[in-house]
Amino acid sequence: MEKQKITGSEALLKALIAEGVDTIFGYPGGQAIPIYDSLYDYRDRLRHVLVRHEQGATHAAQGYARVSGKVGVALVTSGPGATNTITGIADALMDSTPMVVIAGQVPSPLLGTDAFQEVDVIGITQPITKWAYQIRKPEEIAWAVSRAFYIASTGRPGPVVLDLAKDAQVGSVDYEYKKVDYVRSYQPEPDINTDRVKAAADLINGAKKPFCLVGQGVLLGGAEEELKAFLRKSDIPAGSTVLGLSALPTDFPLNKGMLGMHGNVGPNRKTNECDVLIAIGMRFDDRVTGDLKTYAKQAKVIHLDIDNSEIGKNVPVDVKVLGNAKHTIPMIAALLEERKRPEWNAEFDRDEQEEYDKVIKKELYPAGGRLKMGEVVRKVSEAAGNDAVLVTDVGQNQMMSVRYFKYKRTRSVVTSGGLGTMGFGLPAAIGAKFGAPDRTVCFFTGDGGMQMTIQELGTIMQEKLNVKIIILNNNFLGMVRQWQELFFRERYSNTVMANPDFVAIAKAYGIAGRAVEKREELDDAITEMLDCDGAYLLVANVEACGMVYPMVPAGGSVTNMIMGDER
């Protein structure tokens, strides 16, 4: 490629374009003005989305990445601009989301002088990134950008931070872009041990009751079709972590539902009844395992993961298969015997019926009373053809949404898993819409989480985004209230919320909206929302003391589930 003499800021933008970037979520400020000035001339090639807070930029970049499979990009200024991204960066690391955050920085001669809006971005972000690097010379920019995207997107994906000094932005450079495809001491895809592949297949072939745990690693590796073929060949039932949801369509015959604290009865119980447990691309989080002393002690454990540090970290493993699920799953499947396991799968059906009778029927088809969260989720999902992108905030709204929303396509769930970030959802929904512009995006939130990043309604207004917002409003911090009711003698300390008129706020941003509390109004309101050619905010005033069941108490056994009518 022929060299060009340009500014560092322009070199940055050219490098981003070379990496396939089309959308940037950002907020300008003093130490990033040269970048924004250069961006003025690249408006036809790089779309900049002006968020209302830098945290919103990171969550929007996450939402974009999660539905598109591409690297999300956030651009901010120094000091508070950079520190406002910390929550989003930590969230992306916990949930393995590929993201590059570019922060302006004071000129390099001023570094370490406590200059105006100077902060040690590298020192702050190193513990929560795959790589954090400070650029002090314009000659480093193209190299650093290429390296950043390579590290963020390969292996186990995650966030990268580039801290860009202002003198590097304004200095001139002979621009030449070289794609990075190798970093010394970094092996994104480990070599696959064929002996372990065979050992895993032998265990499965000898199993009477195998059970598969599906994590986000399946989606990140693009191994959805390989997973289906693997499960079909040996008739293996599967349960999904929250982040693994939509790797399998809801109606896939061997998809038995969700694992974890508020997961389905069958997947939780059968974890402690199976004889071989096959974990794929998941990390045995405490919300999935409950008490490790009682977790799957009867089973031989096979763990497939791309990150060696996750294997054996929480749960002892009998066979570890290191590698990308896209490659390891079919290698094991090729050695499997074709089997049918009608009796084993029928056990899940019995658990499902029990859960339906004790929990689901009451939540989705209530005989009377106030609206329930689950019924609102079900009706929205069905009205959208069970084919929308689900984005959630965190709390009861999140658990109800992932339990009762249904999926046909992969990459249909965007939620904050490991960090559990309230306020994640609204900006993530914005990013999801940019990442999947042709899909319906339904964002469920609680009244608490909505108000943490409610300013991003301004971004929706300015970008004229068609995002459907559903607030499950119970005038409580619902999940904390649930714990207070169950475990703290109903002492509702600081969880009651006095809320504003959300519909009026939406109207102020030019967003249509409606509030409902009567069951007979719900269908019409949902139809109005989905038919609206633009953003819409639906407030569903649900029962104040709704509970998400089943529930595995924190630190309890996954088989010790509260079903609702046992308290």
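From a predicted model like this one, the values you see are computed outputs, not experimental measurements. (Residues numbered from 1 in each chain as written. Predicted model: local features only at pLDDT ≥ 70, side-chain atom pairs only at ≥ 80, totals over all residues. Heavy atoms only, no water.)

*Asks:* Break down the overall build of the protein for me, with residues and values.
*Replies:* Check the secondary structure of the protein and you find 23 helices and 20 strands. Relative to a compact globule of 567 residues, whose C-alpha radius of gyration would be 24 Å, the protein shows 24 Å and is just as compact. C-alpha extents for the protein along the principal axes are approximately 70 × 60 × 40 Å. Sequence separation of at least 24 residues holds for 76% of the intrachain contacts in the protein that already meet a minimum separation of 6. Here the protein carries 64 positive and 71 negative side-chain charges, and the mean point of each set is 3 Å from the other. (Helix = DSSP H or I, 4+ residues; strand = E, 2+ residues; numbered from the N terminus. Rg over C-alpha atoms; globule rule 2.2 N^0.38 Å. Contact = heavy atoms within 4.5 Å. Lys, Arg positive; Asp, Glu negative; His and termini not counted. Charge placed at Lys NZ, Arg CZ, Asp CG, Glu CD.)

*Asks:* Break down the nonpolar core for me, citing the residues and quoting the values.
*Replies:* Where a protein is soluble and globular, its nonpolar side chains tend to be buried together. In terms of nonpolar packing, the biggest core is built from 50 residues, with Phe25, Val391, Met450, Leu457, Ile460, Ile469 and Leu537 touching the most fellow members. Sequence-distant contacts of Phe25, that is, excluding residues within four places in its chain, are made with Val49, Val51, Ala57, Ala60, Ala61, Tyr64, Val73, Ala74, Leu75, Gly431 and Phe434. Counting 46 residues, the second-largest nonpolar core is a separate cluster that includes Leu538, Met551, Val552 and Met561. (Core = buried A, V, L, I, M, F, W, Y, C linked by side-chain atoms within 4.5 Å. Buried < 20%, exposed > 50% of the residue type's maximum accessible area, 1.4 Å probe, protein only.)

*Asks:* Now, about the packing of helix 15 (residues 342-364) against helix 17 (residues 396-404): what can you tell me, with residues and values included?
*Replies:* Helix packing for two helices is described by the angle between their axes and how far apart those axes are. The geometry of helix 15 relative to helix 17 is characterised by a closest axis approach of 13 Å and an angle of 110° between their N-to-C directions. With respect to their mutual orientation, helix 15 and helix 17 come out roughly perpendicular. Along this stretch, helix 15 crosses helix 17, giving a crossing that reads as left-handed. Contact residues: helix 15 offers Glu355, Val359, Ile360, Glu363 and Leu364, while helix 17 offers Met400, Arg403 and Tyr404. (Axes fitted to C-alpha atoms, helices over the stretch in contact; angles between N-to-C directions. Parallel < 35°, antiparallel > 145°, perpendicular 65-115°, else oblique. Left-handed = near helix turned anticlockwise from the far one by under 90°.)

*Asks:* Let's hear about the packing of aromatic side chains: which residues, and what values?
*Replies:* A complete count under the given rule lists 14 aromatic pairs for this structure. Taking 5.9 Å as the distance between ring centres and 90° as the angle between the ring planes, the aromatic pair formed by Tyr150 and Tyr186 counts as edge-to-face. Of the two residues, Tyr150 sits in helix 7 (residues 141-153) while Tyr186 sits in the loop between strand 8 (172-175) and helix 9 (194-205), which places them 36 residues apart along the sequence. Taking the centre distance of 5.7 Å and the plane angle of 75° together, the rings of Trp483 and Phe487 count as edge-to-face. In this pair, Trp483 and Phe487 are both assigned in helix 21 (residues 478-487), four residues apart and thus about one turn of the helix distant. With a relative accessible area of 24%, Trp483 lands in the partly exposed category. The rings of Phe25, Tyr64 and Phe434 are connected pair by pair, giving a single aromatic cluster. The ring of Trp131 has Arg147 lying over it, and the distance from NZ or CZ to the ring centre is 4.9 Å. (Phe/Tyr/Trp six-rings, centres within 6.5 Å; stacked < 30°, edge-to-face > 60°. Lys NZ or Arg CZ within 6 Å of the ring centre and 35° of its normal.)

*Asks:* Talk me through the environment of Ala201; I want residue IDs and the actual numbers.
*Replies:* Mapped onto the secondary structure, Ala201 falls in helix 9. On the basis of relative accessible area, Ala201 is assigned to the buried category, the value being 0%. Once you skip the residues sitting within four places of it in the chain, Ala201 turns out to touch Ile332, Leu335 and Leu336.

*Asks:* Give me the lowdown on unusual backbone geometry, citing residues and values where you can.
*Replies:* A cis geometry characterises the amide bond from Tyr549 onward to Pro550, with omega recorded as -5°. Counting through the fold element by element, Pro550 comes out in the segment after strand 20 (536-541). Even without being glycine, Asp114 reaches a positive phi, approximately 60°. For Asp114, the location among the structural elements is in the loop between strand 5 (99-105) and helix 6 (121-125). Its identity as a non-glycine residue notwithstanding, Ala296 has a phi of 50°, on the positive side.

*Asks:* Describe the pairing of strand 13 (residues 300-305), and please don't skip the residues or the numbers.
*Replies:* Of all six residues making up strand 13, five are buried, and the element is well covered by its neighbours. Bridge count between strand 12 (residues 276-280) and strand 13: five bridges; the pairing is parallel. Note that in strand 13 the partner of Leu277 across the bridge is Val301. (Pairing = 2+ DSSP bridges.)

*Asks:* Please provide a residue-by-residue account of helix 7, values included.
*Replies:* It helps to recall that an α-helix has 3.6 residues per turn; residues three or four apart then point in one direction. Taking 1.5 Å of rise per residue, the 13 residues of helix 7 would be expected to cover 18 Å, and the 18 Å separating its terminal C-alpha atoms lies within 8% of that figure. Among the 13 residues that make up helix 7, ten are buried, leaving the element largely enclosed by the rest of the structure. Two residues or fewer after helix 7 comes Gly155, characterised by a positive phi angle close to 60°. (Expected span 1.5 Å × (residues − 1).)

*Asks:* Before we move on, could you go through the sheet that holds strand 10 (residues 238-240) and cite the residues and values that matter?
*Replies:* Across the sheet, which stays open at both edges, the six strands sit in the order 11-10-9-12-13-14 with parallel pairing between neighbours. Looking at the sheet topology across the chains shown, the edges are occupied by strand 11 (255-258) and strand 14 (319-322). Going from strand to strand, the sheet's axes swing by 20° on average, the running direction of each strand aside.

*Asks:* An account of helix 5 (residues 86-94) is needed here, citing residue identities and associated values.
*Replies:* Along helix 5, the residues classified as buried are Gly88, Ile89, Ala90, Asp91 and Ala92. Buried residues in helix 5 make contact with helix 3 (54-68), strand 5, helix 6 and strand 7 (159-165). Ser96, located one to two residues past helix 5, shows a positive phi value of around 55°.

*Asks:* Would you mind going over the environment of Arg45 in detail, with residue names and values included?
*Replies:* Take Arg45: it is sitting in the loop between helix 2 (33-39) and strand 3 (47-50). Classification of Arg45 by relative accessible area gives partly exposed; the value is 47%. Taking the C-alpha atoms as reference points, Arg45 and Ser153, 108 residues apart in sequence, are found 22 Å from one another. Ignoring anything within four residues of it in the chain, the contact list for Arg45 reads Ile17, Val21 and Asp22.

*Asks:* Could you give me a rundown of the layout of surface pockets, with the residues and numbers involved?
*Replies:* By volume, the second largest pocket amounts to about 760 Å³. Elements that contribute at least two residues to the lining of the second largest pocket include exactly strand 11, helix 12 (265-271), helix 15, helix 16 (373-383) and helix 17. Of all the elements, helix 15 adds the most residues to the lining of the second largest pocket, at seven residues. A class-by-class count of the residues in the lining of the second largest pocket yields 14 nonpolar, nine polar and eight charged. (1 Å grid on protein atoms, 1.4 Å probe; cavity = no way out; pocket = protein on both sides within 12 Å on 5 of 7 lines; lining within 4 Å. Points joined across faces, edges and corners; volume = space filled by probe spheres on them. Nonpolar A, V, L, I, M, F, W, Y, C, P; charged D, E, K, R; others polar.)

*Asks:* Would you mind going over the pattern of salt bridges in detail, with residue names and values included?
*Replies:* Under the defined criterion, the tally for this structure stands at 30 salt bridges. In this structure, the salt-bridge partner of Asp95 is Arg66, at a minimum N-O distance of 4.0 Å. Residue Asp95 is located in the loop between helix 5 and strand 5, and its partner Arg66 is located in helix 3; the two are separated by 29 residues in the primary sequence. Asp95 gets classed as buried once you look at its relative accessible area, which sits at 1%. Where Arg514 meets Asp524, a salt bridge forms, and the shortest distance between an N and an O atom there is 2.8 Å. (Salt bridge = Lys/Arg side-chain N within 4 Å of Asp/Glu carboxyl O.)

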